[in-house]
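# Structural description and commentary
Listed below are the residues making up each chain.
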Amino acid sequence: MSYSVTEPSSRQKWIAGTLVITYALITMVPLLWIMMTSFKTPPDSISYPPKVMYQPSLEGYVNLFTTRTRVSPERLAALPPPENFAEEIVRNRNMVIAGPSKFGGRFLNSVIIGFGSTFLSVFLGTLAAYAFSRFKIPLADDLLFFILSTRMMPPIAVAIPIFLMYRKLGLTDTHLGMILLYTAVNISLAVWLLKGFIDEIPREYEEAALIDGYTRFQAFYKVVLPQAATGIASTAIFCLIFAWNEYAFAVLLTSGTAQTAPPFIPTIIGVGGLDWPAIAAGATLFLLPVMIFTVMLRKHLLRGITFGAVRK
Amino acid sequence: MAEIVIKDLRKDFGDFTAVKESSFTIADGEFFMLLGPSGCGKTTTLRMIAGLELPSSGEIFLNGEEISQKPPSQRDIAFVFQMFALYPHMNVRKNISYPLASQGMSRRDIKAKVAEVSKILGIEHMLDRPVGGLSGGDRQRVALGRAIVREPKAFMMDEPLGALDAEFREHMSEELRALHDRMGATTVYVTHDQLEAMQMGDKIVVMNNAVVEQFGTPRDIYDKPASLFVADFIGSPSMNFLYFNGQVFDGHASVQLGQQMVDIPQQLANVEGELVLGVRPEHISLSDNGIIRCEVLAVEYLGTTQIVVLASEYGELKARVDSTLAVNVGDHVGASFNASTITLFNKASGKAIRSVLNDGVFPHG
């Protein structure tokens, strides 16, 4: 049998594969449990021993999106037949739907703030990284260090000054305020990551574009950006994950109009007992956008930076 | 169609001077070589002509118009990069048509133009392929296609064959020269390979340490080197140097070298002190009555000729002689020089001393 120094043997591949899959399964168990719980009825969700096989139900999702009031059996019987499956599930618990819950709005807030701050971070980060990478900037190294220094403490350490500042500026509980805050936290990461990626792109590409009759900005837009797509995609994912999951500032600075999903989901607990399926449903839905975003950009994450147009 | 005049061009990067006041003229339609060792300033000079670097001082005239501070997009000069710099996210066709798209040319005209150029370069069959999978030679052709497609006033080429295999370089250099002759456009070509420069160039500028050492035709540069550096850099093996103390007189055609009188071209200056006698290997002949006594150290057989390495009182000499001449290691022979080809140098300044041989080849005095 042929033997290669650089290629792992099939045995090594098998062991490595087993380890990775085992690790992936272990880390996925809690997520899987949350998703399973979201499709259970409340009694199933707290039964002991825990149920792995059960009759799936959408009750958690219905409870997540609605507010309900309890009514007497006589009044329930007097009502016309239920119009949809949600109504039917709710009536089985002797309740009627009183209206939509706040979850939809909070989820939308998360989308606006998460994606808004991600876009802003990546946009500003790309421009700054390009400038740091290509132009002679006085004190460039000091500036880069200064930018990074904003990450040298946990952001929450400055919570009180920011809280006071935001109250004064009227940014508390606004979408703009949260977008600015998350952008400020993410921008240093974005600049540093993207600078690394842009440094890797040979200058010759832009010079070729300049020679070919394009302006510096056109060269940046048409030649550098496509090359930096990998870096931009991975930076965007990191920024989104932070902004999407951020909890502490969201609790502190938002309460109503701009409240994001993370501080809202735990408040479901207070409404009519421990409604675990509804919380699990909220968590499951909350996972989806980041998951979809990551899967969409996966191709860029895996692809190499240059694909051989410059001879190595 | 362009004549390029470089006048007192200078470029500083902070404390480092890449190019010191340099002047030369590139005539319309010339294949012009910028030759020198790495770090000599040749690429910086080329980039200043193209507009990728702005000169610290000096002027560049393109057809009489001063362009040294203009952005590259307004100069109408094409550039071929050493590493090709094809746009990796575009296929061959888009790469070639990219300079035309910036001019706002109609889609139909672009298509016709790309077809024409790809036919010249023999790359029609790969127009829809991504550039990533192309071989070095094909990438070079695509890079050339991108340069010639818009019919620029002049071409700048930065060691375009440097990234190719030795075997393919030969072929590409012929192709390049043929392409130039067909288009008749002014071409400025940077290389550190003296053979390439001699083989392809109409004119050569030899640069060293940010300074233009000599500017002339390949024949002049080889036969009449203006400085020790040029004499040493051009030719393989390079010129032999015999260091001695002596003097030359205006009008005399010989010089005292040790105990011997050596015939040289008639001198046009009086110089005294440490001198260097330079003679090309092929202008040394071996015989029993040669004026310099030597011992044969080694013989390198090259087919039609052989290089004989000799030990003399002036150090090691290399002679290129006919391969039929019987020479053996350890033989004692006499070496004599072809008088009309000798150049004398002033060791202190490194410059050639004026004689009837090289009179008039020094544009910089």
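Owing to the predicted nature of the structure, the values given are computational and were not obtained by experimental measurement. (Residues numbered from 1 in each chain as written. Chains lettered and ligands numbered in written order. Predicted model: local features only at pLDDT ≥ 70, side-chain atom pairs only at ≥ 80, totals over all residues.)

## Description of the domain arrangement of chain B
Residue and element names in this part refer to chain B.
- For chain B, the assigned domains are domain 1 (4–223) and domain 2 (228–346).
- A separation of 38 Å is found between the C-alpha centroids of domain 1 and domain 2.
- With eight residues of domain 1 at the interface, the matching set in domain 2 holds six residues.
- Ranked by residues supplied to the side of domain 1 that touches domain 2, first place goes to helix H7 (residues 218–223) with three residues.
- By residue class, the composition of the side of domain 1 that touches domain 2 is three nonpolar, three polar and two charged. (Domains from an automatic or database assignment. Contact = placed C-beta atoms within 7 Å. Helix = DSSP H or I, 4+ residues; strand = E, 2+ residues; numbered from the N terminus. Nonpolar A, V, L, I, M, F, W, Y, C, P; charged D, E, K, R; others polar.)

## Quick look at the interface of chain B and chain A
- Each partner contributes residues to the interface: chain B has 22 residues there, and chain A has 20 residues.
- For the side of chain B that touches chain A, the secondary-structure elements that each account for two or more residues are strand S6 (77–80) and helix H2 (92–102) of chain B.
- The element that contributes the greatest number of residues to the side of chain B that touches chain A is H2(B), accounting for three residues.
- Looking at the side of chain B that touches chain A, its residues break down into 16 nonpolar, six polar and no charged.

## Description of the nonpolar core
- Met156(B), Val205(B) and Leu344(B) are the most contacted members of the largest nonpolar core, which has 139 residues in total.
- The greatest single-element share of this core, amounting to 11 residues, is contributed by helix H9 (residues 175–200) of chain A.
- If we ignore the near neighbours within four places in the chain, the residues touching Met156(B) are Leu46(B), Ile49(B), Ala50(B), Ile77(B), Ala78(B), Phe79(B) and Val188(B).
- One finds Phe107(A), Phe264(A), Ile265(A) and Ala280(A) within the second-largest nonpolar core, a separate group that totals 17 residues. (Core = buried A, V, L, I, M, F, W, Y, C linked by C-beta atoms within 7 Å. Buried ≥ 20, exposed ≤ 12 C-beta atoms within 10 Å, placed from the backbone.)

## With respect to the pairing of strand S17 (residues 305–312) of chain B
All names here are of chain B.
- Pairing of strand S16 (residues 292–301) with S17, which is carried by six bridges, proceeds in the antiparallel orientation. Among the inter-strand pairings, alanine 298 is bridged to a residue of S17, identified as valine 309.
- Connecting S16 to the antiparallel partner S17 that follows it, the hairpin turn spans three residues, and glycine 303 within it adopts a positive phi of roughly 95°.
- Here S17 runs beside strand S18 (residues 315–322); their pairing, made up of eight bridges, is antiparallel. (Pairing = 2+ DSSP bridges.)

## Considerations on the sheet that holds strand S8 (residues 186–191) of chain B
Residues and elements named next belong to chain B.
- The strand order across the open sheet formed by six strands is S6-S7-S8-S3-S9-S10, and the pairing between neighbours is mixed. Two strands lie at the open edges of the sheet, namely S6 and strand S10 (211–216), each paired on one side alone. Going across the sheet, the axis of each strand differs from the next one's by a mean of 15°, ignoring polarity.
- Judged from the five bridges that link them, strand S7 (residues 154–158) and S8 form a sheet pairing that is parallel. Of the residues in S8, the one forming a bridge with alanine 154 is threonine 186. (Axes fitted to C-alpha atoms, helices over the stretch in contact; angles between N-to-C directions.)

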